[in-house]
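For reference, the chains in residue letters:
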Amino acid sequence: MQAEILDFVKRRNPNEPEFIQAAEEVILSVLPVLEKHPEFRKLKILERMLEPERLISFRVTWLDDKGEVQLNRGYRVQMNSAIGPYKGGLRFHPSVTPSVLKFLAFEQIFKNALTGIPMGGGKGGSDFDPKGKSENEIMKFCQAFMSELTRHLGHRLDVPAGDIGVGGREVGYMFGAYKKIKNEFTGVFTGKGIGWGGSLIRTEATGYGLIYFAENMLHTKNESIKGKTCLVSGSGNVAQYAIEKIIQLGGKPVSASDSDGFVYDAEGITLAKLEFIKDLKNNRRGRIKEYAEKYKGVVYTPIDAKAASNPLWNIKADCAFPCATQNEVNGNDAKNLVKNGVKLVGEGANMPVTIEGINVLIDNGIMYSPGKASNAGGVATSGLEMTQNYMGSNWTREEVDAKLQGIMKNIHDTCLAAANEYGKPGNYMVGANIAGFLKVANAMKAQGVI
Ligand code: NDP
Ligand code: 2IT
């Protein structure tokens, strides 16, 4: 059965390696569910989940500062709406392809189901590269992108948010363009600014949620983040707030990276040093190398994306949190993590560990959490933002943070319970895939063959 479904995916999606990778992980995990529930098999539930309900691809044309015409591709993958409106971020990065967005939208189905908030799965973006663009060019691009995407969105239909290359600034420009075209003020985006519909804690939520999740994992072994040395990759939204929460809980983050290289700060990144990273990345949009130039004793190492392994994952530590991008931890990196005594790997990014890497971690008894569980705090808080928008009121920082902590604990416990039930105790990956699948599969079954 496994080979049959995997063949089906490969045949239908040739040249889409990222999507096939994400699909393979889920197919393997949910086989026992399909065996137990022949009706899901008969209804082709998994095959239908693997086919986007709608895939929108469009031309984005805009004028740069020199007055030259620029051409990009825009997309929105509306993957699954069985349990709620399509929900998921927008990514602006030159590596964006239908394969990348389909893998992200597919994972989003399960992640959103795990949050317990009624949200379907979607993802979108563009091959536009925000690096080196002026403020004016960013705004022009966002407006051109929204001149098409607007017609496909709605606060009860499809609600985007940020992802790589899309933060508060871009959400602001896109929300403004939507409002102008549609002539309506609704919560059609999440990650909006505080004061115009945004939720407190949304900015922090993915990184904070990741560390809350790790804390829950460690508690099962009567341990905690306190005193633990932590490797973090990335220096964007997720990495910044993962680092912040590690510090707040008494852990010691020792690294950060960008696509050029990583910094290793053996003394630990402090809140003051983190402020430097935030200003560097969010305001000045500089390179992480500057951190090593500013602080004594910090080592900067360039990253060669084509190398057999990444030296960032070859540092002695207790926990590792990849928070940059997909496939940044391969089989060799996973072996290095094991060799260096790492006990826990929590995915902040989406699919940062390859299938080979995951197998190495699990075979060696490392606690491993898949992104669709441990980075779900971001979209969960987006769900809380939608709820506040629907209600027309706002919760305090403390209220949202308490809800986020409750949701992360619930996801953690749900994953463990599902893993236990299906004979894979402690396997968060299998647990997340099964629990997410069951929720959406039951909804699809109830809604008929559509
Ligand atoms: P940002 O754009 O804020 O930061 C991305 C970081 O990753 C930057 O440091 C960037 O470096 C680095 N990076 C991006 N692409 C690559 C690449 N191809 N190779 C190496 N480094 C790279 O994005 P986010 O922090 O929002 O997202 C990070 C990850 O977390 C992504 O996988 C995203 O899908 C996931 N995620 C994000 C959520 C959110 O709420 N934002 C929610 C859940 C998951 P550089 O500056 O050089 O590009
Ligand atoms: O991958 C993700 O979960 C996100 N980028 C956040 C999506 C959202 O809608 O908040």
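One can find the structure itself at the top, above this paragraph.
Keep in mind the model is a prediction, meaning the values are calculated, not measured. (Residues numbered from 1 in each chain as written. Chains lettered and ligands numbered in written order. Predicted model: local features only at pLDDT ≥ 70, side-chain atom pairs only at ≥ 80, totals over all residues. Heavy atoms only, no water.)

Q: Help me out: how do you make sense of the site of ligand 1 in this one?
A: Lining the immediate environment of ligand 1, one finds 26 residues, of which D163, T206, S259, R287 and N350 sit closest. Measuring from an oxygen atom of ligand 1, one finds a backbone N or O atom of G165 at 2.9 Å. Surface burial for ligand 1 is 83%, taken as the share of its 890 Å² of free accessible area covered by protein chains. Elements with a contribution of two residues or more to the shell around ligand 1: α8 (202–219) and α9 (237–248). (Near = heavy atom within 4 Å. Polar contact = N/O pair within 3.5 Å; in protein donor to acceptor, adjacent residues only side chain to side chain. Areas by Shrake-Rupley, 256 points an atom, 1.4 Å probe, with all protein chains shown as cover. Helix = DSSP H or I, 4+ residues; strand = E, 2+ residues; numbered from the N terminus.)

Q: Looking at this model, I keep getting lost on the nonpolar core. Mind explaining?
A: For soluble globular proteins, nonpolar side chains are generally found buried alongside one another. Core analysis: the biggest nonpolar cluster contains 119 residues, and F106, F321 and F437 have the highest contact counts within it. When residues of this core are assigned to their parent elements, the largest contribution, 11 residues, is made by helix α17 (residues 428–446). Ignoring any residue separated from it by four or fewer positions in sequence, one finds F106 in contact with F19, A22, A23, V26, M49, L50 and M79. Core analysis: the second largest hydrophobic core is formed by 23 residues, A144, L149, V171 and F175 among them. (Core = buried A, V, L, I, M, F, W, Y, C linked by side-chain atoms within 4.5 Å. Buried < 20%, exposed > 50% of the residue type's maximum accessible area, 1.4 Å probe, protein only. Contact = heavy atoms within 4.5 Å.)

Q: Explain the packing of helix α6 (residues 135–149) against helix α7 (residues 168–182) here, please?
A: Helices that pack against each other are described as a pair by the angle of their axes relative to one another and the distance between those axes. Taken N-terminus to C-terminus, the directions of α6 and α7 make an angle of 45°; their axes are 9 Å apart at the nearest point. Overall, the two elements α6 and α7 adopt an arrangement that is oblique. Regarding α6 and α7, the two cross each other, and that crossing is right-handed. The residues of α7 that touch α6, namely those facing E135, I138, M139, C142, Q143, F145, M146 and S147, are R169, E170, Y173, M174, A177, Y178 and I181. (Axes fitted to C-alpha atoms, helices over the stretch in contact; angles between N-to-C directions. Parallel < 35°, antiparallel > 145°, perpendicular 65-115°, else oblique. Left-handed = near helix turned anticlockwise from the far one by under 90°.)

Q: In this structure, what is going on with the pairing of strand β5 (residues 158–161)? I would like to understand it.
A: Of the two faces of β5, both are covered, the one formed by D158 and P160 as well as the one formed by V159 and A161. Across four bridges, the pairing between strand β3 (residues 86–92) and β5 is parallel. Residue K87 lies in a different strand from β5, and its bridge partner there is V159. (Pairing = 2+ DSSP bridges.)

Q: What should I look at first to understand the packing of helix α15 (residues 377–391) against helix α16 (residues 397–421) in this one?
A: It is at 10 Å that the axes of α15 and α16 come closest, and there the two elements cross at 130°. Relative to α16, the element α15 lies oblique. Note that α15 runs across α16; the crossing there is right-handed. For the pair formed by α15 and α16, the contact residues are G377, A380, T381, L384 and Q388 on the first element and V400, K403, L404, I407 and M408 on the second. Partitioning the contact of α15 with α16 into residue classes produces six nonpolar, three polar and one charged. (Nonpolar A, V, L, I, M, F, W, Y, C, P; charged D, E, K, R; others polar.)

Q: I'm lost on the site of ligand 2 in this one. Help?
A: Residues in contact with ligand 2 amount to 14 residues; listed here are only the nearest, K87, K111, D163, R202 and S382. K87 has a polar side-chain atom sitting 2.6 Å from an oxygen atom of ligand 2. Between ligand 2 and R202 there is a distance of 3.0 Å, counted from an oxygen atom to a side-chain nitrogen or oxygen. Where the shell around ligand 2 is concerned, the elements lending two or more residues are β3, α5 (98–115) and α15. Residue composition of the shell around ligand 2, by class: two nonpolar, seven polar and five charged.

Q: Explanation requested: α9 in the structure shown.
A: Because an α-helix completes one turn every 3.6 residues, residues spaced three or four positions apart along the sequence face the same direction. When the terminal C-alpha atoms of α9 are compared, their 17 Å separation across 12 residues agrees well with the 16 Å that a helix rising 1.5 Å per residue should span. Most of α9 is tucked away, with 10 of its 12 residues classed as buried. Three or more residues of α9 are buried, namely V238, A239, Q240, Y241, A242, I243, E244, K245, I246 and I247. Taken from the residues just after α9, G250 is the one with a positive phi, measuring 90°. (Expected span 1.5 Å × (residues − 1).)

Q: Would you mind going over the packing of aromatic side chains with me for this structure?
A: The description of an aromatic ring pair uses the distance of the two centres, along with the angle that the planes make with each other. Enumeration according to the criterion identifies 19 aromatic pairs in this entry. Where W62 meets F141, the ring centres are 6.1 Å apart and the plane angle is 80°; that geometry is what we call edge-to-face. Of this pair, W62 sits in strand β1 (residues 54–63) while F141 sits in helix α6, placing them 79 residues apart in sequence. Plain terms: the ring middles of F92 and F128 are 5.9 Å apart, the flat faces sit at 90° to each other, and that makes the pair edge-to-face. Residue F92 is found in strand β3, and its partner F128 is found in the loop between β4 (120–126) and α6; the two are separated by 36 residues along the sequence. Three or more aromatic residues joined by ring pairs make a cluster, and in this case those are F58, W62, F92, F128, F141 and F145. The lysine or arginine in question, R156, covers the ring of Y390, its NZ or CZ lying 3.8 Å from the ring centre. (Phe/Tyr/Trp six-rings, centres within 6.5 Å; stacked < 30°, edge-to-face > 60°. Lys NZ or Arg CZ within 6 Å of the ring centre and 35° of its normal.)

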